[in-house]
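A closer look at the structure
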Amino acid sequence: PVSESAKTRSSLTVVGPQTSMARWNRRPLATWESPMQILRSTRLALLFAALLGFVGPALADAPAVGSAAPAFKLQDQAEKWHSLSDYKGKWVVLYFYPKDDTPGCTTQACGFRDNVFAFDKEGAVILGISVDSAADHKAFAEKHGLPFTLLADPTKAVTKEYGVLKTYMGVMEMARRDTYIIDPQGRVAKHYESVDPDGHSKVVLQDLKDLKAAQKT
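Summarised in this report is the structure supplied together with it. As the structure is a prediction and not an experimental result, all values here were calculated from the model. (Residues numbered from 1 in each chain as written. Predicted model: local features only at pLDDT ≥ 70, side-chain atom pairs only at ≥ 80, totals over all residues. Heavy atoms only, no water.)

**Observations regarding the nonpolar core**
Nonpolar side chains in soluble globular proteins tend to end up buried together. The biggest cluster of nonpolar side chains holds 23 residues, and the ones touching the most others in it are Tyr 95, Phe 119, Phe 148 and Leu 150. If you list the elements that add at least two residues to this core, you get strand S5 (91–96), helix H2 (103–114), helix H3 (116–121), strand S6 (124–130), helix H4 (134–144), strand S11 (188–192) and helix H6 (200–216). Not counting the four nearest positions on each side in its chain, Phe 148 is found in contact with Gln 77, Tyr 95, Ala 109, Phe 112, Arg 113 and Ile 126. Leu 94, Leu 127, Val 164 and Ile 182 belong to the second largest nonpolar core, which has 19 residues in total. (Core = buried A, V, L, I, M, F, W, Y, C linked by side-chain atoms within 4.5 Å. Buried < 20%, exposed > 50% of the residue type's maximum accessible area, 1.4 Å probe, protein only. Helix = DSSP H or I, 4+ residues; strand = E, 2+ residues; numbered from the N terminus. Contact = heavy atoms within 4.5 Å.)

**A look at H4**
Residues of H4 that are buried: Ala 134, His 137, Phe 140, Ala 141 and His 144. Taken end-on, H4 shows its buried residues confined to a sector of 120°, consistent with a single buried face. Those residues of H4 that are exposed and angled more than 90 degrees off the buried face are Ala 135, Glu 142 and Lys 143. Next to the buried residues of H4 lie H2, S6 and strand S7 (149–152). Note on H4: the residue one or two positions beyond its end, Gly 145, has a positive phi of about 60°. (Arc of directions from axis to C-beta.)

**Examining unusual backbone geometry**
For Asp 101, which is not a glycine, the phi torsion comes out positive at approximately 60°. Note on placement: Asp 101 falls in the loop between S5 and H2.

**Concerning the environment of Gly 89**
Examined against the element boundaries, Gly 89 turns out to sit in the loop between strand S4 (81–83) and S5. For Gly 89, a relative accessible area of 54% gives the class exposed. For the pair Gly 89 and Ala 124, spaced 35 residues apart in sequence, the C-alpha separation works out to 9.9 Å.

**Quick look at the packing of aromatic side chains**
One pass over the full model with this rule turns up nine aromatic pairs. Here Tyr 97 and Phe 140 contribute two aromatic rings whose centre-to-centre distance is 6.2 Å and whose plane-to-plane angle is 45°, an arrangement assigned as tilted. Placement of Tyr 97 in the loop between S5 and H2 and of Phe 140 in helix H4 is noted, with a sequence separation of 43 residues between them. The same class applies to Tyr 97 and to Phe 140, which are both buried. Each member of the aromatic cluster is reached from another via a ring pair, and the members are Tyr 95, Tyr 97, Phe 112, Phe 119, Phe 140 and Phe 148. Over the ring of Trp 81 we find Lys 73; its NZ or CZ atom is 5.7 Å from the centre of that ring. (Phe/Tyr/Trp six-rings, centres within 6.5 Å; stacked < 30°, edge-to-face > 60°. Lys NZ or Arg CZ within 6 Å of the ring centre and 35° of its normal.)

Here it is as structure tokens:
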């Protein structure tokens, strides 16, 4: 028989933004919950708390508009290496996001997916970056039919260099949801901070068109 103490456990409950805090409560523990499921649910609670805005300070300054975009060499979802220099002569939309297959990141990625032909028409390449692994990226891309490159930054070095590495809930380091437009000369043309994932790709697409038009005048 299962003892009374084994039938309950602590779980993290995130309360509304008006209180900006979390509290522990007790809830029944289903007999079918394995230790791995308990760990997974706790990690998910922490993750969604992070995405709700419990964020620490940035660890580095972001590159300024007009400055050279920091170089990088990272693997994509197929474990192919990519360098920023590979895209010299092209416009690059470099977007950082917190975590594969979470609600906001899925909305953002699918927005870029749905506008990928419009970006291609403008001669722009879309590159997503998070601190997830290449294997996680592969699963994310396959699940949602993402036709563009996702770069894995498990060491967090590139995310930090672009000034978007954040500490969430004091325990998890992930990318803030920032986007850079990099011009064909490799300079930062525009920087978006802490973006709204819904409709973001359309905003970036219009700004890209405006930046290209400004270069022609």
